Amino acid sequence: MDNREKRNMKRSTIRSISLLLILFTTIFGCFFFVNKVFKKDYSSRQLKQAVVPKKKKVSGIRKMPANYEKESDKPGELHELVYRSAARVSEVAVPKRTMVYTPYGYNKNEKRTRYNIFYLMHGYGGNHQTFLGSKMSPRTFKNILDNMTAKGDIAPTIVVSMTYTASAGYYASMDDLGTEAVKELAPIVESKYRTYADKTDRAGLVKSRAHRAIGGFSMGGCSTWMALKNNADCFKYYLPISMPMYYDDGGYVESLSRDCARRIAAGANAVRGGRKVYIFAASGSRDFMNKATQKQAEDLTAHRGFKLSSGEFDKGNVIFHSWKGHRHSYKASFPYIYNGLIRFFG
């Protein structure tokens, strides 16, 4: 090999080494950049998760602070929506209104944070504004939600105040309202507002059920038991207030209570597929439906999948509590809902 060939080989070797160095430097630089961006993004996710309060263990029935009824300096917002429902009492789908509460800090443009959701049903003669009021005239219960969120009693939660179809056969719609929430209302509300449901078909609602509750007062309590019977795959938590699944002017009827308990258990067990359900039932000692509500909860625990607990969900999944001196009224129901929600989403 002459000197010229040696010089060419040396130049080729140096050129190859240079290219390898450039390639290594480029790969290392890309890795460093991607790693830095990933860490930044991961930290932002951690920060986002940190603003949601950790689930607290609830001990005993709590007294709702009196100042929770006052306006909060961190108020949520109310939004009225219109949708169509083919409730049983109507021959055709009818327009209905619902009031949606979004907690303080809810930002429609921020896509990452998800929210629990609570469907709330009023009693006979009420409407979608009975609990929350309206944007221009909010009511006391809206203040309670604001303060519960601000104080960290519950994770930020969307509340949907539903209503019945007021017509002849008013009570005929009770058995449909929970199903209406699943089939007609949830697809609208939970696609517009950010809940844990990635999809709002039934499969999507089943997948996100751990972040969904339903409850109601009086006639709404009756509908809550029916929602447990018909839709236990879509709701994990239930808050029936001052009403069993049946109605009788005299209150408690043993045969009706036991039959309804059997039907609730059979319906729930048929669709929930082993998924857990939790019931916080409540009433007042001077409420004419107190005994009927208590016995409905107790009779349910005679069936598979339901166990009575004295006050917490650590030993069972059915709780009943009676508030001393409380009568059948919306105001009396506020501490019931407070105690239910801190167990569901606290």
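Here goes a summary of the coordinates provided.

### Some details on the environment of Gly267
- As for its placement among the helices and strands, Gly267 is situated in helix H6 (residues 254-272).
- Gly267 sits in the buried class, given a relative accessible area of 16%.
- In sequence terms Gly267 and Ala232 are 35 residues apart; their C-alpha atoms lie 8.1 Å from each other.

### Some details on the sheet that holds strand E9 (residues 318-323)
- Taken together, the nine strands give an open sheet; going across it, the order is E1-E2-E4-E3-E5-E6-E7-E9-E8, and neighbouring strands pair in mixed fashion. In this open sheet, the two edge strands, each paired with only one partner strand, are strand E1 (77-85) and strand E8 (308-309).
- Of the strand pairs in this sheet, E8 and E9 are connected by two bridges, and their pairing is parallel. Its bridge partner being in E9, Ser309 is matched across the sheet by Ile319.
- Contacts from helix H5 (residues 219-231) reach strand E3 (116-121), strand E5 (212-217), strand E6 (237-241) and strand E7 (278-284), with the element oriented near 145° to E5.

### Let's talk about the environment of Ile154
- The topology assignment puts Ile154 in the loop between helix H2 (140-150) and strand E4 (157-162).
- Along the chain, Ile154 and Gly346 lie 192 residues apart, while their C-alpha atoms are 4.0 Å from each other.

### Overview of the pairing of strand E2 (residues 94-102)
- In terms of burial, E2 is a largely internal element, seven of the nine residues being buried.
- Note that E1 and E2 share nine bridges and pair antiparallel. Across the sheet, the residue bridging to Leu81 is Thr98, located in E2.
- In this structure, E2 lies alongside E4, joined through three bridges in antiparallel fashion. Its bridge partner lying in E4, Met99 is registered against Ser161.

### Some words on the nonpolar core
- Core analysis: the biggest nonpolar cluster contains 50 residues, and Tyr119, Val160, Trp225, Leu228, Tyr238, Ile279 and Phe306 have the highest contact counts within it.
- Setting aside chain neighbours within four positions, we find Tyr238 in contact with Ile214, Thr224, Ala227, Leu228, Asn231, Ala232, Val277, Tyr278, Ile279, Phe280 and Phe344.

### Quick look at the pairing of E3
- Among the six residues in E3, six count as buried, and that is most of the element.
- Neither face of E3 is open: one carries Asn116, Phe118 and Leu120, the other Ile117, Tyr119 and Met121, and all of them are buried.
- In the sheet, E3 pairs with E4 via six bridges, with the strands oriented parallel. Within E4, the position partnered with Asn116 by the bridge is Thr157.
- Each parallel crossover has a hand, and the one from E3 via H2 to E4 is right-handed.
- Pairing geometry for E3 and E5, over five bridges, is parallel. Bridge pairing in E5 places Tyr119 opposite Ile214.

How each quantity is defined
- Residues numbered from 1 in each chain as written.
- Predicted model: local features only at pLDDT ≥ 70, side-chain atom pairs only at ≥ 80, totals over all residues.
- Heavy atoms only, no water.
- Helix = DSSP H or I, 4+ residues; strand = E, 2+ residues; numbered from the N terminus.
- Buried < 20%, exposed > 50% of the residue type's maximum accessible area, 1.4 Å probe, protein only.
- Pairing = 2+ DSSP bridges.
- Contact = heavy atoms within 4.5 Å.
- Axes fitted to C-alpha atoms, helices over the stretch in contact; angles between N-to-C directions.
- Core = buried A, V, L, I, M, F, W, Y, C linked by side-chain atoms within 4.5 Å.
- Right-handed = clockwise from strand over helix to strand, strands pointing away.

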